[in-house]
Amino acid sequence: MKTVFILSGLLLVLASCKEESEQDWYYPTPPPKTKVEEFGFRYKEFNVVQDTIESGDTFGSILSTQNLNGQRVFDIVETIKDSFDVRSMQRGKPIVLFRTKDKTKKLQAFFYQPDRTHCYIVDLRDSVKAYQRTRPLRFNTRTIASALDGSLSETLDKAKVDPALATQIAKVYAWSIDFFKLQRGAHFGITFTERYVNDTVYDGVDSLKAAFFEYKGQRIYAFPFAQDEKSGKLEYFDEQGKALKSFFLKAPLKFINITSRYTRSRFHPVQKIWKAHNGTDYAAPTGTPIMTTASGVVEQAGYTAGNGNFVKVKHDRTFTTQYLHMSRILVRRGQRVSQGQEIGKVGSTGLATGPHVCYRFWKNGTQVDPLRLNLPHSAAMNPKYKARFIQQMTPLKSELDRIAHLYEEKELMQKSKGK
């Protein structure tokens, strides 16, 4: 399914005319261009060797292959030790050797690249010196709208967006959307910035600027905003300035299926009888981390024949949660835990037919279905920041809505052609 997208700052007409070429240009990385010059070194003036560091390689062993004896290597290391720690070089990182073009192939410079942005240069041409240089970064803003097609990371990948962004989105919406209940075809839109090194080399997603997901018949927006501009600490709010973060996470696992819901009547797969199921089962591979859905104190941690290995956490005078069938318990009774902290591993201990976690929830001492509760949110935005938030949020929301509308129109056209 094609995704409608637009480059911030370009006219819609230009974007639509160049849709195919623009998509190819963004991701994956465009075909590499032949380097002409970098950090003052003209490639055509040197005999250039490009390689990567392998297991066992050291700065000394690499230089020794360039007709430099041990004493010369030692002198170089001593000279540059305050500018470049040669012991920090890691396996798999690229290096470039610049040598003279005559038959001696005398080493002139050594480049070590710990990442795409930074480069350490050991210059041997006149006097020995070492220094660090940073490649220029360019940031580009994209807005896309699409429909869920498989997992979120799979959908982003199909839309030529770095799928690693799915993890960040999941964290932003952890309190407001149960991703287990998102259905294929659910619409969403995101605005984000991408990094390019040396103007052309794709370097991943830099930040999430805005988003919405259609969930339970409504759009849930997310906009990052720093109430305290000095600290720069970002929190996420909806279009009305309400905090997305709440007292409880929506689930104790990430991106796994619900296999059995809270119900007053369920046929027990082990006991083979009809009985109430006062929890929600989340299936996951053995060893998957189980998170506590809110901060609190471990009230119980142990084993029973029915529950298997389990942990029970008391959050306040009103709420308590329990996590059953663990393969391993990672906390102890009386321990204080924070929201999202790993407290155990998924297993199939006790009365369980396969690896999963049974998540139970108490309100005022009575077991309830957490998926049906209107759980408390965190502190609201300070009213004195509301005007600044609205000013920042409004153009982002307008762009999201516009691109979403274009996508919906295109989807309707495709459906009508298919009839």
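Quick caveat: nothing in here was measured; it's all calculated off a predicted structure. Each chain has its residues counted from 1, running along the sequence as written. Owing to the predicted nature of the model, reporting of local features is limited to residues with pLDDT of at least 70; listing and counting of side-chain atom pairs is limited to 80 or more, with chain, interface and lining totals taken over all residues. Here the side-chain values reflect all heavy atoms present in the structure, with hydrogen atoms and water set aside.

(A) Here's a closer look at helix α4 (residues 70–80). Along α4, the residues classified as buried are Val73, Ile76 and Ile80. Across the axial projection of α4, the buried residues extend over an arc of 60°, all falling on one side. Here, two residues are considered to be in contact whenever any of their heavy atoms come within 4.5 Å of each other. Elements are defined by DSSP. Helices are runs of H or I of four residues or more, strands are runs of E of two residues or more, and each kind is numbered from the N terminus. On the buried face of α4, the contacting elements are α3 (59–64), β7 (118–123) and β8 (129–134). Counted as a polar contact is a pair of N or O atoms within 3.5 Å, where, for protein atoms, one must be capable of donating a hydrogen and the other of accepting one, and residues adjacent in sequence contribute only when both atoms are in side chains. Near the N-terminus of α4, the side chain that reaches the backbone nitrogen of Gln71, with its oxygen 3.2 Å away, is that of Asn69. The buried label applies to any residue whose accessible area, calculated with a 1.4 Å probe on protein chains only, is under 20% of its type's maximum; exposed applies above 50%, and partly exposed to all values in between. Arc definition: directions from the helix axis to the C-beta atoms.

(B) Representation of the pattern of salt bridges in the model. Note on definitions: salt bridges are taken to be side-chain nitrogens of Lys or Arg within 4 Å of carboxyl oxygens of Asp or Glu. Taken as a whole and assessed by the stated rule, the structure comprises 20 salt bridges. Linking Arg42 and Glu37 is a salt bridge whose minimum nitrogen-to-oxygen distance equals 3.5 Å. Its relative accessible area of 37% is what places Arg42 among the partly exposed residues. Overall, Glu37 belongs to the partly exposed group, its relative accessible area being 42%. Residue Glu399 is joined to Arg402 by a salt bridge in which the shortest nitrogen-to-oxygen separation is 3.4 Å. One end of the pair is Glu399 and the other is Arg402, both in helix α7 (residues 386–418) and three residues apart, which spans about a single turn. Accessibility expressed as a relative area gives 32% for Arg402, which makes it partly exposed. When salt bridges with common partners are traced through the structure, they connect Glu214, Arg219, Lys397, Asp401 and Glu408 into a single cluster.

(C) Focus on the sheet that holds β8. Strand order in the open sheet formed by five strands is β4-β5-β6-β7-β8, and the pairing between neighbours is antiparallel. In this open sheet, the two strands that pair with only one neighbour each are β4 (47–52) and β8. Pairwise comparison of adjacent strand axes, ignoring direction, gives a mean angle of 20° for this sheet. When DSSP finds two or more bridges between a pair of strands, those strands are recorded as paired. Pairing of strand β6 (residues 107–112) with β7 involves four bridges; the strand directions are antiparallel. Its bridge partner lying in β7, Phe110 is registered against Val122. Helix axes are fitted only over the stretch in contact, all axes being lines through C-alpha atoms; the angle between N-to-C directions runs from 0 to 180 degrees.

(D) Local environment of helix α6 (residues 165–172). Buried within α6 we find Leu165, Ala166, Ile169, Ala170 and Val172. All buried residues of α6 project into a common sector of 160° when viewed along the axis, lining one side. Among the structural elements, α5 (152–158), β10 (187–197), β11 (201–215), β12 (218–225) and β13 (235–237) are those in contact with the buried residues of α6.

(E) Here's a closer look at the pairing of β7. Here β6 hands over to β7 after five residues, the two strands then running antiparallel side by side. Note that β7 and β8 share six bridges and pair antiparallel. Among the inter-strand pairings, Cys119 is bridged to a residue of β8, identified as Arg133. Count of turn residues in the β7/β8 antiparallel hairpin: five residues.

(F) Highlighting the nonpolar core. The set of buried Ala, Val, Leu, Ile, Met, Phe, Trp, Tyr and Cys residues whose side-chain atoms join them within 4.5 Å is what this entry labels a nonpolar core. Membership of the largest hydrophobic core comes to 29 residues, with the highest contact counts inside it found for Leu152, Leu156, Ile169, Tyr173, Ile190 and Phe213. Of the residues forming this core, the biggest block, six residues, is contributed by β11. With near-sequence residues (within four places) excluded, Ile190 lies in contact with Arg142, Thr143, Ile144, Leu156, Leu165, Ile169, Leu208, Ala210, Ala211 and Leu400.

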